[in-house]
Amino acid sequence: MAIPTHAIIAYGTETGNAELAAVEIEAALSNMIQSEFVSLTELELEQFHEDTLLVVCCSTYGDGEYSDGADVFAEALNTTRPDFSKFNYAIFGLGDTTYETFNFASIKLSKLLQELGATRIGEHGMHDASSADYVDSAAQAWAAELTPFVRELIDA
Ligand SMILES: Cc1cc2nc3c(=O)[nH]c(=O)nc-3n(C[C@H](O)[C@H](O)[C@H](O)COP(=O)(O)O)c2cc1C
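What counts and what doesn't
- Counting restarts for each chain, with residues numbered from 1 along the sequence as it is written.
- In view of the model being predicted, local features appear only for residues whose pLDDT reaches at least 70, and side-chain atom pairs are presented and counted only at 80 or more, with totals across whole chains, interfaces and linings using the full set of residues.
- For the side-chain quantities, the full set of heavy atoms in the structure was used; hydrogens and water were omitted.
- Between N-to-C directions, angles cover 0 to 180 degrees, with each direction set by a line fitted to C-alpha atoms, over the stretch in contact for helices.
- Strands are runs of DSSP state E lasting at least 2 residues, helices are runs of H or I lasting at least 4, and numbering of each runs from the N terminus.
- Each angle receives one of four descriptions, namely roughly parallel if under 35 degrees, roughly antiparallel if over 145, roughly perpendicular if within 65 to 115, and oblique otherwise.
- Left-handed describes a crossing whose near helix is turned anticlockwise from the far helix through less than a right angle; right-handed describes the clockwise counterpart.
- Whether two residues touch is decided by their heavy atoms; if any such pair falls within 4.5 Å, the residues are in contact.
- The nonpolar class holds Ala, Val, Leu, Ile, Met, Phe, Trp, Tyr, Cys and Pro. Asp, Glu, Lys and Arg form the charged class, and all remaining residues, Gly among them, are polar.
- Between the rings of Phe, Tyr and Trp (Trp by its six-membered ring), a pair exists once the centres lie within 6.5 Å; its type follows the angle of the planes, with under 30 degrees stacked, over 60 edge-to-face, and the other angles tilted.
- Charges are assigned to positions over rings by a cutoff of 6 Å between ring centre and Lys NZ or Arg CZ, combined with an angular limit of 35 degrees from the ring normal.
- Helix span, as expected, comes to 1.5 Å for every residue beyond the first.
- Residue exposure (1.4 Å probe, protein chains only): buried if accessible area is under 20% of the type maximum, exposed if over 50%, otherwise partly exposed.
- UniProt positions are given in the numbering used here, feature names are shortened, and annotations may be inferred rather than shown by experiment.

Observations concerning the packing of helix H2 (residues 70–80) against helix H3 (residues 104–115)
1) Next: For the pair H2 and H3, the least separation of the axes is 11 Å and the interaxial angle reads 25°. Between H2 and H3, the angle is such that the two are roughly parallel. Note on packing geometry: the crossing formed by H2 with H3 is left-handed. Contact residues: Phe73, Ala74, Leu77 and Asn78 in H2; Leu109, Leu112 and Leu113 in H3.
2) Next: Residue composition of the contact of H2 with H3, by class: six nonpolar, one polar and no charged.

Okay, here's the thing in structure tokens:
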């Protein structure tokens, strides 16, 4: 497993919540690792290197479907099946528990990354739009819990 030297915080969103979460996560991680913030609509697989830590923020739409950008990213992964066995990733999903397909997109994407060999660090974050938690504060709290895992990788 390579030691991460930079993080890509990538978001897939329809109405901006996942982007808001990604802004908060980038702010928390940039104190400890060089971080860049990118839409999944623009993320190219060529941007990944062994020392990349991928942090995905992705909402669920339709009947458990990927949000904008996450669909393209998942299709690229499914088509090319890259070897991600040296990669670490973290994931923060957004959804709504009024749907039976709560957070299905982030769950599907996480499974796909693991099939390709990637290792998840931290808890799989899942924001519920029906809860009283604001997206930005939920993302801040999740990022605070993620930082010790990132620190452990950097110091390994
Ligand atoms: C038309 C529509 C369909 C949705 N479908 C789902 C769903 O299947 N599962 C789920 O967990 N959330 C679903 N949601 C909730 C969104 O994922 C949630 O509101 C999220 O915060 C939106 O984030 P975004 O602004 O980044 O797209 C849906 C919302 C809308 C408006």
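Back to the write-up after that little detour.
A look at the packing of aromatic side chains
1) Next: One pass over the structure, following the stated rule, counts six aromatic pairs.
2) Next: The cationic tip of Lys108 hangs over the ring face of Tyr66; the distance from NZ or CZ to the ring centre is 4.5 Å.

Brief notes about helix H4 (residues 135–154)
1) Next: If you check H4, its first and last C-alpha atoms are 27 Å apart, about what 20 residues at 1.5 Å a residue would give, namely 28 Å.
2) Next: Buried residues of H4: Val135, Ala138, Ala139, Trp142, Ala143, Leu146, Thr147, Val150 and Leu153, and no others.
3) Next: In the core, the buried residues of H4 are packed alongside helix H1 (17–29), strand E3 (52–61), strand E5 (88–95) and strand E7 (125–128).

Quick look at the UniProt feature "domain: Flavodoxin-like" (unreviewed entry) in the protein
1) Next: With numbering aligned to this structure, UniProt lists the feature "domain: Flavodoxin-like" (unreviewed entry) at residues 7–147.
2) Next: Annotated as 35% helix and 27% strand, the span residues 7–147 places its first and last C-alpha atoms 12 Å apart.

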